[in-house]
Amino acid sequence: MGTRLREWASVFTVVAVMCNRYTPLHRDALSRAQWFDIMTSVGGYTSARMKMPNIGIEIAYNPGVMAGTSGRIVRHGVNWVNGDRVGWVWYMRDDIHEFVDVPRGDYSRYKSVITDAMQFA
């Protein structure tokens, strides 16, 4: 298994697929604070709301919306919806990095592309 994990083509070590599921508010205890989770949802549904109460955000989680956040720090959840919904979540787990002896990622950093381009102008 370790050989195959070394060939995995994504920075995310886990992908979860959920169908028509209510997701209660939670934090991802097996992740690390500096890692972002990417969540998206598709389907024929209405009235989905993603809540992130500890940072004061609630969004309309319409089909095609993607959200990225630190699942370890930010409590997040999605309500029941009318219709069919499929959610994909990409995230990383520390224990998988340890298992295959791959270095852990560091904190995400913002760097302006415009600022970089101005250096060469």
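This report concerns the structure included in the present document.

1. Points about the side chain of serine 41
Consideration 1: Along the polypeptide, serine 41 turns up in strand β3 (residues 37–46).
Consideration 2: Residue serine 41 is classed as buried on the basis of its relative accessible area, which comes to 0%.
Consideration 3: Looking at serine 41, its side chain comes within polar contact range of the side chain of arginine 85, at 3.3 Å.
Consideration 4: Not counting the four nearest positions on each side in its chain, serine 41 is found in contact with Tyr61, Asn62, Pro63, Gly64, Val65, Arg85, Val86 and Gly87.

2. Looking at the pattern of salt bridges
Consideration 1: Scanning all chains against the criterion turns up one salt bridge.
Consideration 2: Across the pair arginine 49 and glutamate 58 runs a salt bridge whose closest N-O atoms are separated by 2.9 Å.

3. Section: the environment of valine 17
Consideration 1: Here valine 17 is to be found in strand β1 (residues 14–19).
Consideration 2: The spatial distance from the C-alpha of valine 17 to the C-alpha of tryptophan 88 is 4.7 Å, given a sequence separation of 71 residues.

4. What to know about the sheet that holds strand β8 (residues 82–91)
Within a beta sheet, neighbouring strands are joined by backbone hydrogen bonds and run either parallel or antiparallel to one another.
Consideration 1: Ordered by their spatial adjacency, four strands build an open sheet running β1-β8-β3-β6, and the pairing between neighbours is antiparallel. The outermost strands of the open sheet, each flanked by one partner alone, are β1 and β6 (66–69). Each strand axis lies, on average, 15 degrees off the axis of its neighbour in the sheet, ignoring direction.
Consideration 2: The sheet contact formed by β1 and β8 spans six bridges and is antiparallel. Residue pairing in the sheet places cysteine 19 in a bridge with valine 86 of β8.

5. Things to note about the sheet that holds strand β2 (residues 23–26)
Consideration 1: One open sheet accounts for four strands, arranged β2-β7-β4-β5; its pairing is antiparallel. Only two strands of the sheet have a single neighbouring strand rather than two, namely β2 and β5 (57–60). Direction aside, the axes of adjacent strands within the sheet are offset by 15 degrees on average.

Rules used in this analysis
Going along each chain's sequence as written, the residues are numbered from 1 onward. Where totals are concerned, whole chains, interfaces and linings use all residues; where local detail is concerned, this predicted model gives features only for residues with pLDDT of at least 70, and gives and counts side-chain atom pairs only at 80 or more. Excluded from the side-chain calculations are hydrogens and water; all other atoms, namely the structure's heavy atoms, are used. Runs of E in the DSSP output that reach at least two residues are strands. Runs of H or I that reach at least four are helices, and both are numbered from the N terminus. Residue exposure (1.4 Å probe, protein chains only): buried if accessible area is under 20% of the type maximum, exposed if over 50%, otherwise partly exposed. The definition of a polar contact used here is a pair of N or O atoms within 3.5 Å, where within protein one atom must be able to donate a hydrogen and the other to accept one, and adjacent residues in sequence count solely through side-chain atom pairs. Whether two residues are in contact is decided by their heavy atoms: any pair within 4.5 Å suffices. Put simply, a salt bridge is a Lys or Arg side-chain nitrogen that is within 4 Å of an Asp or Glu carboxyl oxygen. Each pair of strands is called paired provided DSSP finds at least two bridges between the two strands. For every element, the axis is a line fit to its C-alpha atoms; helices are fit only across the contacting stretch, and the angle between N-to-C directions ranges from 0 to 180 degrees.

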